[in-house]
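What follows is the residue order along each chain.
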Amino acid sequence: MKGSATSQNAVKLLKLAGFPEEILEKCEETDETLEKSMISC
């Protein structure tokens, strides 16, 4: 399927792939930080 992927979709994929919870949490934190920095630009 064509189109862009969202970071939330990426985190869901990592969960399905069995990544450890600590990595998933770090990804979500990083995503929130990036979103906040993009909004303030």
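Note that the structure is predicted; figures quoted are calculated from it, not measured.

What counts and how
Residues numbered from 1 in each chain as written. Predicted model: local features only at pLDDT ≥ 70, side-chain atom pairs only at ≥ 80, totals over all residues. Heavy atoms only, no water. Helix = DSSP H or I, 4+ residues; strand = E, 2+ residues; numbered from the N terminus. Buried < 20%, exposed > 50% of the residue type's maximum accessible area, 1.4 Å probe, protein only. Lys, Arg positive; Asp, Glu negative; His and termini not counted. Salt bridge = Lys/Arg side-chain N within 4 Å of Asp/Glu carboxyl O. Contact = heavy atoms within 4.5 Å. Axes fitted to C-alpha atoms, helices over the stretch in contact; angles between N-to-C directions. Parallel < 35°, antiparallel > 145°, perpendicular 65-115°, else oblique. Nonpolar A, V, L, I, M, F, W, Y, C, P; charged D, E, K, R; others polar.

Visitor: Would you mind going over the side chain of Asp-31 with me for this structure?
Guide: Along the polypeptide, Asp-31 turns up in helix 2 (residues 21–39). Although Asp-31 is buried, it makes no salt bridge; Lys-36 carries the closest opposite charge, 11 Å away. Aside from chain neighbours lying at most four places away, what touches Asp-31 is Ser-7 and Gln-8.

Visitor: When you look at the packing of helix 1 (residues 7–16) against helix 2 in this model, what are you seeing that I'm missing?
Guide: Helix-helix packing is described using two parameters, namely the angle between the two axes and the distance between the axes. It is the contact of helix 1 with helix 2, at a shortest axis distance of 10 Å, that shows an interaxial angle of 175°. When the axes of helix 1 and helix 2 are compared, the pair comes out roughly antiparallel. Residues Ser-7, Gln-8, Val-11, Leu-14 and Lys-15 of helix 1 form the contact with helix 2, whose own contacting residues are Leu-24, Cys-27, Glu-28, Asp-31 and Glu-35. A class-by-class count of the residues in the contact of helix 1 with helix 2 yields four nonpolar, two polar and four charged.

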